[in-house]
Amino acid sequence: MTVNSKFSNALIMWYLINQRDLPWRSSKNPYLIWLSEIILQQTRIAQGTSYYEKFVNEFIDIFALAKADEKHILKLWQGLGYYSRARNLHATAKIIVDKYQGQFPETYAELISLKGVGDYTASAIASIAFDQPHAVVDGNVYRVLSRVFGISTPINESKGIKEFKLLAQKLLHTEDPGTYNQALMEFGALVCTPKNPKCDSCIFNDSCYALQKRTIDKLPVKLKKLTVKKRYFNYLVVDDNGESTILKQRHQKDIWMNLFEFPLYETEQILEDETELEHFIHRDLMIEGTYSIKKYNEFPILHKLTHQTLYASFWIIKPKGRFKNPVAWEDLKQMALPVLLQNFVDKYQSLN
DNA sequence: AAAACGGGGAA
DNA sequence: TTCCCAGTTTT
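By the naming in an unreviewed UniProt entry, chain A goes by Adenine DNA glycosylase and is assigned to Lutimonas vermicola. As recorded by UniProt, the Function (unreviewed entry) comment attached to chain A reads in full: "Adenine glycosylase active on G-A mispairs. MutY also corrects error-prone DNA synthesis past GO lesions which are due to the oxidatively damaged form of guanine: 7,8-dihydro-8-oxoguanine (8-oxo-dGTP)." Recorded in UniProt for chain A, the comment headed Catalytic activity (unreviewed entry) runs: "Hydrolyzes free adenine bases from 7,8-dihydro-8-oxoguanine:adenine mismatched double-stranded DNA, leaving an apurinic site."

Now the structure itself:
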C-alpha cells in the first residue's frame, strides 16, 4: 500500500464513522450538490444549512430556480452575505436550462465556465455528483494538508495554491473521489480545527508533521492583512404615518449590489445635523416641500464588513405633503435588505 | 498579484 | 478583538 492510499483510506474510514448527517449528503443530484456548494462558499455549515433547506423547498429543481425573479432569490439569500453568489446562482440556473436543457454538464471544464463556479466548486460537483477525479481544496484542506505534511508555503499566494492543489490531487482516492473530498473537508471541520484541534484523538497523530514539530498553531501560513476603510452612511427614512416610505435598489458595483435600502446620503465623516441633508431631501425625495426630520440614533450604528466598517445614522422624515415613489412599509417583507437595514426596520417597527 | 465581496460564531 | 468559514470575481 502506498503512502498516498494509506492517507486516503484512513481518512475515508474515519469519515464513514464520523460524518455528520447533512441534508445535501443524501443525494447525488447535481442541482442539489451545486446549490449546497454555492451556499457554503465562505460560509459555515451551521449558517448555511437553513438557507439550503429554504431554497430546496422553494425551488425543487433547476427549472423552478431559473424561472424565479431575482428579487425573490435575493430575499431568500438575505442575511447570508456575498450576494453575488445569489445573482450568479440565478444566472447559472438560466444557462443550465437554456444551453444544457436543464441537464448539468459533467466535465470540470464546463462546470468551471459557469458563473460563480471556480476551481473548488467545479471539483466538488465533478467528484461528488459525477465521480470524477478532481480534488477539492478549501480552507479545511489547506489546514489538514499543511499540518499533516508540514507545508509552510503561504496558502494565499499562487505558489501555495498550486502546491496544495497538486498534493490534494496526488492524494485523491480515485475509486471514490467524492467521498475522499468530503472526508478531507469533514476531517478539517471536526478534528483538525483552526483552534484547539483534537490531536489526542486524531488518526494521524503518530505521523503528523506539525504535531511532532509543535507547529500546529503556525500552520497553515497565511500572509497579508486586509485594509478596512470607514464609511459613513446616512439613511433617510421617510415615514408617512406608518403607511409608506421610500426605498432604492443599489445598482453600483459596491457592497450589497441589487439589494434595497432607504435613500442613502454618504458622507466623509459623521453628520451631526440635518442641514447638509436638506438639499438632497428636497431634490430627490419630496414633491411638496415641508417635512420634519429627526435623527433616530444618537450614535452611529456600527456595522462591520470584511473590508469596511460602516457607521450608520438613520434620519426619520415625516412628510407633510406628497413624496416621490412611495413604497408601502408592508412591501418591505418582499425586498432583500442588508442585515444593517433589516435590523433597523425590525427595531423601528417594534416601537410603532 | 491584490483587492473586493457579508455576516456570524468561536476563542 | 481576531480569525475564518465547503471561494469567486474583478481590478
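Back to the write-up after that little detour.
Q: Help me understand the environment of Ser 313 in this model?
A: Relative to the helices and strands, Ser 313 is located in strand 8 (residues 308-319). Owing to a relative accessible area of 3%, Ser 313 belongs among the buried residues under this scheme. The spatial distance from the C-alpha of Ser 313 to the C-alpha of Leu 247 is 16 Å, given a sequence separation of 66 residues. Residue contacts for Ser 313: discarding those within four places in its chain leaves Phe 233, Asn 234, Tyr 235, Lys 295, Asn 297 and Pro 300.

Q: When you look at the protein's contact with DNA strand C in this model, what are you seeing that I'm missing?
A: Taken together, 23 residues lie near DNA strand C, and Leu 40, Gly 116, Gly 118, Arg 143 and Lys 253 sit nearest. Of everything in DNA strand C that lies within 4 Å of the protein, sugar and phosphate atoms constitute 66%. At 3.0 Å from a phosphate oxygen of DNA strand C is found a main-chain nitrogen or oxygen belonging to Gln 42. Contacts to DNA strand C include Thr 121, whose side-chain N or O atom sits 2.8 Å from a phosphate oxygen. Secondary-structure elements contributing two or more residues to the surface near DNA strand C are helix 2 (30-40), helix 8 (119-130) and helix 9 (139-148). Classifying every residue of the surface near DNA strand C gives seven nonpolar, eight polar and eight charged.

Q: Where do I start with the protein's contact with DNA strand B in this structure?
A: Taken together, 24 residues sit near DNA strand B, with Ser 158, Lys 224, Ile 255, Trp 256 and Thr 306 positioned nearest. Here, DNA strand B places atoms within 4 Å of the protein, and 58% of those atoms are sugar or phosphate. Taking Arg 44, its side chain carries an N or O atom lying 3.3 Å from a base nitrogen of DNA strand B. Tyr 82 places a polar main-chain atom, nitrogen or oxygen, 2.9 Å from a sugar or linking oxygen of DNA strand B. Here the surface near DNA strand B is composed, by residue class, of eight nonpolar, twelve polar and four charged.

Q: Even after reading the chapter, I still don't get the environment of Gly 81, so can you show me in this structure?
A: Structurally, Gly 81 can be placed in the loop between helix 5 (70-77) and helix 6 (84-100). Its relative accessible area of 18% is what places Gly 81 among the buried residues. Between the C-alpha atom of Gly 81 and that of Ile 39, which follows or precedes it by 42 residues, the distance is 9.7 Å.

Q: Where do I start with the packing of helix 5 against helix 6 in this structure?
A: Each pair of packed helices can be summarised by the angle the axes make with each other and by the distance between the axes. Interhelical geometry of helix 5 versus helix 6 gives an angle of 140° and a closest axis separation of 9 Å. As judged from the angle between their axes, helix 5 and helix 6 are oblique. The crossing of helix 5 and helix 6 is right-handed. Mapping the contact onto sequence places Glu 70, Ile 73, Leu 74 and Trp 77 in helix 5 and Arg 85, Ala 86, Arg 87, Leu 89 and His 90 in helix 6. Of the residues contributing to the contact of helix 5 with helix 6, the split by class is five nonpolar, one polar and three charged.

Q: I'm lost on the UniProt feature "domain: HhH-GPD" (unreviewed entry) in chain A in this one. Help?
A: The positions UniProt marks with the feature "domain: HhH-GPD" (unreviewed entry) are residues 39-190. Across residues 39-190, helical content stands at 67% and strand content at 0%; the span's end C-alpha atoms are separated by 20 Å.

Q: Please clarify how the domain arrangement of chain A should be interpreted in this entry.
A: When the parts come together, some accessible area is lost, and that loss is often what is quoted as the size of the interface. Taken domain by domain, chain A holds domain 1 (3-218) and domain 2 (229-350). Centre-to-centre, using C-alpha coordinates, domain 1 lies 38 Å away from domain 2. Across the boundary between the two partners, domain 1 contributes nine residues, which contact 14 residues of domain 2. Of the roughly 920 Å² buried between domain 1 and domain 2, counting both surfaces, carbon and sulfur atoms make up 56%. Three residues, Lys 75, Gln 78 and Tyr 83, lead the burial of domain 1 against domain 2; their summed loss comes to 47% of the area buried on that side. Summed over the shared surface of domain 1 and domain 2, the result is zero salt bridges. Run the count over domain 1 and domain 2 and you get five residue pairs in polar contact (both at pLDDT 80 or more). With four residues, helix 5 is the single largest residue contributor to the side of domain 1 that touches domain 2. A class-by-class count of the residues in the side of domain 1 that touches domain 2 yields three nonpolar, two polar and four charged.

Q: Looking at this model, I keep getting lost on the side chain of Gln 78. Mind explaining?
A: Relative to the helices and strands, Gln 78 resides in the loop between helix 5 and helix 6. Aside from chain neighbours lying at most four places away, what touches Gln 78 is Tyr 51, Tyr 83, Met 335, Ala 336, Leu 337 and Gln 342.

Q: Would you mind showing me how to read the pattern of salt bridges here?
A: Counting across every chain of the model gives 13 salt bridges. Arg 231 serves as the salt-bridge partner of Glu 266, at 2.8 Å between the closest nitrogen and oxygen. With Glu 266 in strand 5 (residues 264-267) and Arg 231 in strand 1 (residues 229-238), the pair connects residues that are 35 residues apart, well separated along the chain. A salt bridge links Glu 288 to Arg 322; the nearest nitrogen and oxygen atoms lie 3.1 Å apart. Residue Glu 288 is found in the loop between helix 13 (278-284) and strand 6 (291-295), and its partner Arg 322 is found in the loop between strand 8 and strand 9 (327-328); the two are separated by 34 residues along the sequence. Three or more residues joined by partner-sharing salt bridges are found here, namely Arg 231, Arg 250, Asp 254, Glu 261 and Glu 266.

Cut-offs applied
Residues numbered from 1 in each chain as written. Chains lettered and ligands numbered in written order. Predicted model: local features only at pLDDT ≥ 70, side-chain atom pairs only at ≥ 80, totals over all residues. Heavy atoms only, no water. UniProt positions renumbered as here; feature names shortened; annotations may be inferred. Helix = DSSP H or I, 4+ residues; strand = E, 2+ residues; numbered from the N terminus. Buried < 20%, exposed > 50% of the residue type's maximum accessible area, 1.4 Å probe, protein only. Contact = heavy atoms within 4.5 Å. Near = heavy atom within 4 Å. Polar contact = N/O pair within 3.5 Å; in protein donor to acceptor, adjacent residues only side chain to side chain. Nonpolar A, V, L, I, M, F, W, Y, C, P; charged D, E, K, R; others polar. Axes fitted to C-alpha atoms, helices over the stretch in contact; angles between N-to-C directions. Parallel < 35°, antiparallel > 145°, perpendicular 65-115°, else oblique. Left-handed = near helix turned anticlockwise from the far one by under 90°. Domains from an automatic or database assignment. Buried area = accessible area lost by both parts, 1.4 Å probe. Salt bridge = Lys/Arg side-chain N within 4 Å of Asp/Glu carboxyl O.

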